[in-house]
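As a plain string of letters, each chain reads:
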Amino acid sequence: MKIKRFAAALCALAVVSASTGGLPIEKVGLFDKAITASAATIGTWTSGSCTLTLDDAGTLTVSGNGAMDNYTDENSVPWKEYRDSVTSVVISDGVTEIGDYAFYHFGILTSLSIADTVTNIGERAFSNCYSLNTITIPSSITSIGSSAFYSSEPDRIVTFIRPESESSLTVADGAFYYSATLAYSDGGNYSLFAGDSE
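Note that the structure is a prediction, hence the values are computed from the model and not measured.

Colleague: So what's going on with the sheet that holds strand E13 (residues 181-184)? Which residues, and what values?
Modeller: In space, the three strands of this open sheet follow the order E9-E11-E13, with parallel pairing throughout. Edge positions in the sheet fall to strand E9 (134-137) and E13, since each of these pairs with one other strand and no more. Ignoring strand direction, the axes of neighbouring strands in this sheet form an average angle of 20°. Examined bridge by bridge, strand E11 (residues 157-160) and E13 share four bridges and lie parallel to one another.

Colleague: Could you give me a rundown of empty space enclosed by the protein, with the residues and numbers involved?
Modeller: Counted under the stated rule, the structure contains one cavity of 30 Å³ or more. The wall of the largest cavity is formed by Ile 137, Pro 138, Ser 139, Ile 141, Phe 160, Ile 161, Pro 163 and Leu 169. Broken down by class, the residue content of the lining of the largest cavity amounts to seven nonpolar, one polar and no charged.

Colleague: Would you mind going over the nonpolar core in detail, with residue names and values included?
Modeller: Counting 43 residues, the largest nonpolar core has Trp 79, Ile 98, Phe 103 and Ile 144 as its most contacted members. When contributions to this core are tallied by element, the ones reaching two or more residues are strand E2 (50-55), strand E3 (59-64), strand E5 (88-91), strand E6 (95-98), strand E7 (111-114), E9, E11 and E13. Examining the composition of this core, we find that three residues originate from one element, E2, more than from any other.

Colleague: Lay out the pattern of salt bridges with the relevant residues and their values.
Modeller: For the structure shown, the criterion picks out one salt bridge. We note a salt bridge from Arg 83 to Glu 74, for which the minimum N-O separation is 3.5 Å. We classify Arg 83 as buried; its relative accessible area is 16%. On the basis of relative accessibility, which here comes to 23%, the residue Glu 74 falls in the partly exposed class.

What counts, and where the lines are drawn
- Residues numbered from 1 in each chain as written.
- Predicted model: local features only at pLDDT ≥ 70, side-chain atom pairs only at ≥ 80, totals over all residues.
- Heavy atoms only, no water.
- Pairing = 2+ DSSP bridges.
- Helix = DSSP H or I, 4+ residues; strand = E, 2+ residues; numbered from the N terminus.
- Axes fitted to C-alpha atoms, helices over the stretch in contact; angles between N-to-C directions.
- 1 Å grid on protein atoms, 1.4 Å probe; cavity = no way out; pocket = protein on both sides within 12 Å on 5 of 7 lines; lining within 4 Å.
- Points joined across faces, edges and corners; volume = space filled by probe spheres on them.
- Nonpolar A, V, L, I, M, F, W, Y, C, P; charged D, E, K, R; others polar.
- Core = buried A, V, L, I, M, F, W, Y, C linked by side-chain atoms within 4.5 Å.
- Buried < 20%, exposed > 50% of the residue type's maximum accessible area, 1.4 Å probe, protein only.
- Salt bridge = Lys/Arg side-chain N within 4 Å of Asp/Glu carboxyl O.

Scope: geometric values only; no functional claims are made or implied.
This is the structure:
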């Protein structure tokens with residue numbers, strides 16, 4: 001029985017080889033698909049109308065349709081124990097509000113992507129994220145809470161995608177305290193917001 005199975009396998013291989021003109025099988029695409037490992041999920045949380053998912057590559061993704069919950073301080077945030085593991089935060093399409101203290105003191109966070117469905121960034125949402133040196137604020141944002149991006153690091157660059165009217169954006173005191181540069185993406189002039197400094 002084993003001999004018959006082996007012979008059948010050899011016959012099948014011969015047919016494949018003949019159909020490819022005798023070329024090695026790996027040269028005709030039968031075995032040329034790269035095997036890639038996807039990042040594994042290590043934590044999932046619900047916040048308001050949103051779901052947060054953390055993978056083992058350090059990316060924390062916020063998805064859903066609507067607002068995140070607000071939190072009263074850094075210790076009330078459900079994913080706080082992973083703050084020293086997150087290097088990237090992705091706020092996906094459909095999310096409308098980033099909650100107060102949501103990513104407070106995420107010290108090794110270096111990358112932030114905010115979808116243009118977001119209209120509000122809560123109080124101290126990204127405060128004390130010392131490694132977050134480049135931030136882009138989409139034109140959909142209408143409100144930024146107090147100390148939302150407070151940082152004592154002086155090299156931060158904040159770029160605003162210019163809204164239809166500057167008056168549509170309300171920024172609380174100290175939202176960008178100590179940020180080095182506040183500018184519009186089109187190179188236009190800007191004014192420092194109340195409580196902020198270069």
